[in-house]
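A closer look at the structure
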Amino acid sequence: MKPFRKYTGSVVPLNKSNIDTDIIIPTEFLKRTERTGYGQHLMYYWRFNEDGKPNEDFVLNNETYKQATILLSGENFGCGSSRENAVWALHDYGFQVIISPSFADIFKGNCSKNGLLLIELDHTQMEELYARERDNPAFSLHVDLENQIIQDKFGWTVSFSIAPSIRHKFLNGHNDIDLTMAAEGNILQYEKQRAFYMDPFVN
Amino acid sequence: MAPKTLFEKVWVKHVIDTSLDLPLLFIDLHLIHDVTSPQAFTLLKDQGRKVRRPDLTFASADHNVPTTDRNLEFKDLLAKIQVETLINNCNEFDITVYDLDHPDNGIVHIIGPELGLTTPGKTIVCGDSHTSTHGAFGAFAFGIGSSEITHVLATQTLPQAKPKTMNIQIEGQMPEGVSSKDIILSIIGKIGTLGGVGYVVEFTGSTVKNMSMDERMTICNMVLEAGARSGMVAPDETTFAYLKNRKYVPKGEKWDEAVANWRKLYSDPGAVYDKTVTINIADLAPQVTWGTNPGQVTSIDKSIPSPNSITDSTKRTAAESALTYMDLIPLLNMNEIEIDRVFIGSCTNARMEDLRLAAKVAYGHKVQNNVTALVVPGSYHIKRRAEQEGLDKIFIESGFEWRNPGCSMCPGMNPDIAKPGDRVASTSNRNFEGRQGKDVRTHLVSPAMAAAAAITGHLTDVREWNYKGGVKRNEAFS
Ligand code: SF4
């Protein structure tokens, strides 16, 4: 993972709650064995009409938001299946940051492993953000993970909290597996004293 | 010592390091399948890592497999590649794989318990969110993403934030025609799809105590849909009787020793949960979802709620958009909703008791002409057993299709996908937009309710069913 400290990008508002991973990447596009190339199918049923042409009414297809890399969304974003493809699709499409009142548990974990930053703001702050966006469509936001603040160019600033473990990992670009490997001694020792009935019994 | 909950007992036994950002958990059993593992193996190989404990890793091809004649060529080339990739990866890393033609093949969450791989006190992970199913045995079992699969393959551990604990105490005798599926649907309706976020749920109470393992698996399976990390039930005699003599459990004296240890896995009197919810199910009616998340649910003898009556604005908007997608109008009686398809299957409801209850309803009746109805057993074991009991004949004579095991219509990613616009009565666990195919409308129900809907052509209250004999209810549980 590349370190993530500060980031500036323009926003796109998608103010809907419970956007689940089936919407983010429909199951029919999961049949690849690679980790790349999912962006083209992001929110496919929302982005495209039956005839395969872009659905012009959907916000991501609006010219104003074509360059957006920060997604504003409703609560419980990423609920549903554990498919990490949802994160790859969002990332591959170009999103670097998602801001929402809340995210689903597994989705959060998956994002933290792929460098997609999730920021939770409360409902009042979200409403303010949506209002500011309405006044200045696709306005750009500056995300400062080090100081845990979001700012726009008009001086509006809001601070956010984030799990220290995730912040630490993003700032340093750590790879989880390497971090775990540092505890190799503990794993070996644990394996030695594990009860026999925790293993599959083989005759 | 301070009293501990069941979850805490399992948790402390598995934390092997606390010096990192998150506690590091040892994983006892890692199940993998065709859809989420390929990328994990790619990442593993790209980073030049090995599988640390192939002996604790088991694979089954289930998600994207055809459930029709297995001798026919895969119609879907990509699905074929996924299954072949799974098999090649398992062979390369020496992992036991239950391939499509293996007699033990089936849905991962069904074969884990069936083979005795799922046992009390274990930590179990799988790249599928319904891994919580295994919690029915007193294991701490949860779904993980592909990067985490790589992590477990490489280290047999996983950094995990410690969840909070919730006790859902279920009391009351299950009414006739009501199943554990109805119970869990009503719980999700009550606590909401966010009600369990951050928690591991322990199911307690007299109702749970009296449940069979198949029933416990159904409630643990679906607690995920309330946002919970996992569900658990303390192991007891029912659990041990189910597991005894299964393929991978200890035998002889070793069995006794294992059981003696498993008996210690319960929540101590006075153990404190972060939250407790009590539910009485004595008057519960069969449940049916009307919306696009499992919390949008009501009783079969009620009508679709009017969004105007919902005070919470977020919930109201969600209800309005769900009704648009579902092509339903407020106040319509649930039992007037006509359906095009029925799916009896998935890791929620494709076990023996589910099939017996459905067969009992189907016996002597005929599926409506315009309804396509599939019965997809959860594993080959279940398929063979059902055939020994003659359930296949009951289904086939009634006009149901009798299939080979797999996830089938649950994830909507294999040939068993429904047509756009189809309305499905489904025993699976998710009614999300597009889950069972583009524009497909899903109503989640119990197996008995699904069978009844296939026969009448509309959602039907199974409590008023005209049983014509066949499987008796008390025979359904063994
Ligand atoms: S049946 Fe559905 S929920 Fe269960 S493992 Fe298969 S896809 Fe997942």
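Structure: see above.
All of the points below concern the structure found in this document. (Residues numbered from 1 in each chain as written. Chains lettered and ligands numbered in written order. Predicted model: local features only at pLDDT ≥ 70, side-chain atom pairs only at ≥ 80, totals over all residues. Heavy atoms only, no water.)

1. Here's the deal with the site of the ligand
Neighbouring the ligand are His63, Ile107, His109, Asp128, His130, Ser346, Cys347, Cys407, Cys410, Pro411, Asn429 and Arg435 of chain B. Here the shell around the ligand gathers at least three residues from each of two domains, domain 1 (6-275) and domain 2 (287-464) of chain B. (Near = heavy atom within 4 Å. Domains from an automatic or database assignment.)

2. Some words on the packing of helix H12 (residues 352-362) of chain B against helix H15 (residues 447-456) of chain B
Residues and elements named next belong to chain B. Their axes nearest at 8 Å, the elements H12 and H15 cross at an angle of 30°. By the criterion of interaxial angle, the relationship of H12 to H15 is roughly parallel. Between H12 and H15 the crossing geometry is right-handed. From H12, Asp354, Leu357, Ala358, Val361 and Ala362 reach across to H15, where they touch Pro447, Ala448, Ala451, Ala452 and Ile455. Residues of the contact of H12 with H15, tallied by class, amount to 9 nonpolar, no polar and 1 charged. (Axes fitted to C-alpha atoms, helices over the stretch in contact; angles between N-to-C directions. Helix = DSSP H or I, 4+ residues; strand = E, 2+ residues; numbered from the N terminus. Parallel < 35°, antiparallel > 145°, perpendicular 65-115°, else oblique. Left-handed = near helix turned anticlockwise from the far one by under 90°. Contact = heavy atoms within 4.5 Å. Nonpolar A, V, L, I, M, F, W, Y, C, P; charged D, E, K, R; others polar.)

3. Points about the sheet that holds strand E19 (residues 441-444) of chain B
Residue and element names in this part refer to chain B. Read across the open sheet, the 5 strands follow the order E17-E16-E15-E18-E19; overall the sheet is parallel. Two strands lie at the open edges of the sheet, namely strand E17 (401-402) and E19, each paired on one side alone. Relative to strand E18 (residues 423-426), strand E15 (residues 341-344) is paired through 3 bridges, and the arrangement is parallel. Its bridge partner being in E18, Phe343 is matched across the sheet by Ser426. The strands touched by H15 within the sheet are E15, strand E16 (372-375) and E18, with E15 carrying the most contacts at an inclination of about 150°. (Pairing = 2+ DSSP bridges.)

4. Comments concerning the packing of aromatic side chains
Under the criterion given, the structure shown has 25 aromatic pairs over all chains. Ring geometry for Phe4 of chain A against Phe170 of chain A: centres 6.0 Å apart, planes inclined by 65°, an arrangement best described as edge-to-face. Taken together, the positions of Phe4 of chain A in the segment before strand E1 (6-14) and Phe170 of chain A in helix H6 (residues 164-172) put the pair 166 residues apart, joining distant regions of the chain. Judged by centre distance (6.2 Å) and plane angle (90°), the rings of Tyr197 of chain A and Trp262 of chain B are edge-to-face. Here Tyr197 of chain A is found in the segment after helix H8 (184-193), whereas its partner Trp262 of chain B is found in helix H10 (residues 253-262) on a different chain. Each member of the pair, Tyr197 of chain A together with Trp262 of chain B, is buried. Here the aromatic residues Phe196 and Tyr197 of chain A together with Phe240, Trp255 and Trp262 of chain B are joined through ring pairs into a cluster of three or more. (Phe/Tyr/Trp six-rings, centres within 6.5 Å; stacked < 30°, edge-to-face > 60°. Buried < 20%, exposed > 50% of the residue type's maximum accessible area, 1.4 Å probe, protein only.)

5. Some points on helix H2 (residues 37-46) of chain B
Most of H2 of chain B is tucked away: 7 of the 10 residues are buried. Buried positions along H2 of chain B lie against helix H3 (85-93) of chain A together with strand E3 (29-33), helix H3 (77-93) and helix H5 (146-155) of chain B. Backbone geometry just downstream of H2 of chain B places Gly48 of chain B in the positive-phi region, at approximately 65°.

These figures come from the coordinates and say nothing about function on their own.
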